[in-house]
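Read off the chains here:
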Amino acid sequence: MTDGLPMAVPVEGLPPRVRIHEVGARDGLQNEKAVVPTEVKAEFIHRLVHAGLTTVEATSFVRPEWVPQLADAEELFPLLGDLDPEIALPVLVPNARGLDRAMALGARRVAVFGSATESFAQANLNRTVDESLAMFAPVVERARADRMHVRGYLSMCFGDPWEGPVPVHQVVRVAKALLDLGCDELSLGDTIGVATPGHVRTLLAELNEEGVPTDVLGVHFHDTYGQALANTLAALQHGVTTVDSSAGGLGGCPYAKSATGNLATEDLVWMLDGLGVATGVDLGRLTATSVWLAERLGRPSPSRTVRALSHKE
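What counts as what
- Residues numbered from 1 in each chain as written.
- Predicted model: local features only at pLDDT ≥ 70, side-chain atom pairs only at ≥ 80, totals over all residues.
- Heavy atoms only, no water.
- Helix = DSSP H or I, 4+ residues; strand = E, 2+ residues; numbered from the N terminus.
- Polar contact = N/O pair within 3.5 Å; in protein donor to acceptor, adjacent residues only side chain to side chain.
- Contact = heavy atoms within 4.5 Å.
- Phe/Tyr/Trp six-rings, centres within 6.5 Å; stacked < 30°, edge-to-face > 60°.
- Buried < 20%, exposed > 50% of the residue type's maximum accessible area, 1.4 Å probe, protein only.
- Lys NZ or Arg CZ within 6 Å of the ring centre and 35° of its normal.
- 1 Å grid on protein atoms, 1.4 Å probe; cavity = no way out; pocket = protein on both sides within 12 Å on 5 of 7 lines; lining within 4 Å.
- Points joined across faces, edges and corners; volume = space filled by probe spheres on them.
- Nonpolar A, V, L, I, M, F, W, Y, C, P; charged D, E, K, R; others polar.
- Pairing = 2+ DSSP bridges.
- Right-handed = clockwise from strand over helix to strand, strands pointing away.
- Axes fitted to C-alpha atoms, helices over the stretch in contact; angles between N-to-C directions.
- Parallel < 35°, antiparallel > 145°, perpendicular 65-115°, else oblique.
- Left-handed = near helix turned anticlockwise from the far one by under 90°.

### Some points on the side chain of Asp72
Thinking step 1. With respect to the helices, strands and loops of the structure, Asp72 is situated in the loop between β3 (59-60) and α3 (73-76).
Thinking step 2. Side chain to side chain, Asp72 and Thr38 meet in a polar contact 2.6 Å long.
Thinking step 3. Within the structure, Asp72 has its side chain in polar contact with the side chain of Lys41 (distance 2.9 Å).
Thinking step 4. In contact with Asp72, other than residues within four places in its own chain, are Val36, Thr38 and Lys41.

Structure below.
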């Protein structure tokens, strides 16, 4: 670690604290070519929690043939039972069957994954946008009836590889529909990493104007064009306090050209530490965790902060 750095210099207009929604164990590892052993995944999640992360997305209950990297969900989730019950361990459930599997293991937080565009809805879910919303409706209803917390992911909020720019009003319509189903929070995804700060501010403002409060929104940026931190800062200045990120910058989107993956949690924490915004995350422990996992993946972490602090190229 570099002692005393970054120097904390607060900026007016930012939230005093940000909750990091860590997605490395799910969104990150599902994009790895190799299948990571279950015990390594469990150790990874434990290390993330010990670094101070309080929300760690654990896995996805999808059909194994769709995402073989996460086919061990039933084996993994019980290995996390020794963690503090206050730690949030959300899991992705694509449909009613996925919810059944999650509920059988005692999961208390689930997420559904929708699209703002027809092209990605067809590519990812083999359904139209409205058909996917209809599929989610009974899933969300059942989860809420069981007093589970439900997160809605909305992908392609800023650009689509087939459709190009996505109109803001189109994103707002689907966002409101997901919340109307009963989702407790909504993560706005820049799935191919094409957002810029002005676009972020405009979308957030339009959502507010249409009755969506900022406190139910989170942001999920990819760093394809190097804009993830700038976009995050724009969201924080608007009042957003939930930011998705991935330890070591794991993951990405297979549909993004030259994608460099998710916003790295270490890069996010470095910026927030420098702004005096609390996260509860120990950057040294987090960096060590990403170095540990990178060794098991057989390649260096793409996170600039991890590389700088570990003195590895």
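From this point, the narrative continues.
### Concerning the packing of aromatic side chains
Thinking step 1. Taken as a whole and assessed by the stated rule, the structure comprises two aromatic pairs.
Thinking step 2. Considering the side-chain rings of Phe113 and Tyr153, the 5.6 Å spacing of their centres and the 40 degrees angle between planes classify their relative orientation as tilted. Note that Phe113 is positioned in strand β5 (residues 109-115) and Tyr153 in strand β6 (residues 149-155), a separation of 40 residues in sequence. Both residues of the pair, Phe113 and Tyr153, count as buried.
Thinking step 3. Where Phe158 meets Phe221, the ring centres are 6.2 Å apart and the plane angle is 45 degrees; that geometry is what we call tilted. Placement of Phe158 in the loop between β6 and β7 (159-160) and of Phe221 in strand β10 (residues 217-221) is noted, with a sequence separation of 63 residues between them. The burial state of Phe158 is the same as that of Phe221; both residues are buried.
Thinking step 4. The residue whose ring lies beneath Arg26 is Tyr153, and the NZ or CZ to ring-centre distance is 5.5 Å.
Thinking step 5. Across from the ring centre of Tyr153, 5.0 Å away, lies the NZ or CZ of Arg151, which sits over that ring.

### As for empty space enclosed by the protein
Thinking step 1. Going through the model one piece at a time under the given rule, you end up with one cavity of 30 Å³ or more.
Thinking step 2. Looking at the largest cavity, its volume works out to about 60 Å³.
Thinking step 3. Lining the largest cavity, in full, are Ala247, Gly248, Leu250, Ser290, Leu293, Ala294, Leu297, Arg299, Ser301 and Pro302.
Thinking step 4. Residue classes in the lining of the largest cavity are distributed as six nonpolar, three polar and one charged.

### Structural notes on the pairing of strand β11 (residues 242-245)
Thinking step 1. Along β11, one buried face is formed by Thr242 and Asp244 and the opposite face, lined by Val243 and Ser245, is buried too.
Thinking step 2. Strand direction decides the pairing type here: strand β1 (residues 19-22) and β11, joined by four bridges, are parallel. Residue pairing across strands places Ile20 opposite Val243, the latter belonging to β11.
Thinking step 3. As paired elements, β10 and β11 share three bridges and run parallel to each other. For His220, the partnering residue across the bridge sits in β11 and is Asp244.
Thinking step 4. Handedness of the crossover joining β10 and β11 through helix α9 (residues 228-238) is recorded here as right-handed.

### So, the sheet that holds β11
Thinking step 1. One open sheet holds the nine strands; their spatial order is β2-β1-β11-β10-β9-β6-β5-β4-β3, and the pairing between them is parallel. Each having just a single partner strand, β2 (55-56) and β3 make up the two edges of the open sheet.

### Thoughts on the packing of helix α10 (residues 265-275) against helix α11 (residues 283-297)
Thinking step 1. Close contact between α10 and α11 brings their axes to 10 Å; oriented N to C, the two are set at 165 degrees. Looking at the two axes, α10 sits roughly antiparallel to α11. In the crossing of α10 with α11, the sense of the turn from one axis to the other is left-handed. Contact with α10, carried on its side by Thr265, Glu266, Val269, Trp270 and Asp273, involves Leu283, Leu286, Thr287 and Ser290 of α11 and no other residues of that element.

### A word on the environment of Ile87
Thinking step 1. Within the secondary structure, Ile87 sits in the loop between α3 and β4 (91-92).
Thinking step 2. Judged by its relative accessible area of 16%, Ile87 falls in the buried class.
Thinking step 3. In sequence terms Ile87 and Val112 are 25 residues apart; their C-alpha atoms lie 20 Å from each other.
Thinking step 4. Dropping the residues within four chain positions of it, Ile87 is found in contact with Val49, Leu53 and Thr54.

### Some details on unusual backbone geometry
Thinking step 1. A cis geometry characterises the amide bond from Leu5 onward to Pro6, with omega recorded as -5 degrees.
Thinking step 2. Following the sequence through the fold, Pro6 ends up in the segment before β1.
Thinking step 3. Although it is not a glycine, Arg147 sits at a positive phi angle of roughly 60 degrees.
Thinking step 4. Within the secondary structure, Arg147 sits in the loop between α6 (129-145) and β6.
Thinking step 5. In this structure Arg147 comes out as exposed when scored by relative accessible area, which is 77%.
Thinking step 6. Positive phi, normally seen in glycine, also occurs at Met156, with a value near 55 degrees.
Thinking step 7. If you trace the backbone, Met156 turns up in the loop between β6 and β7.
Thinking step 8. By relative accessible area, which is 0% here, Met156 ends up buried.

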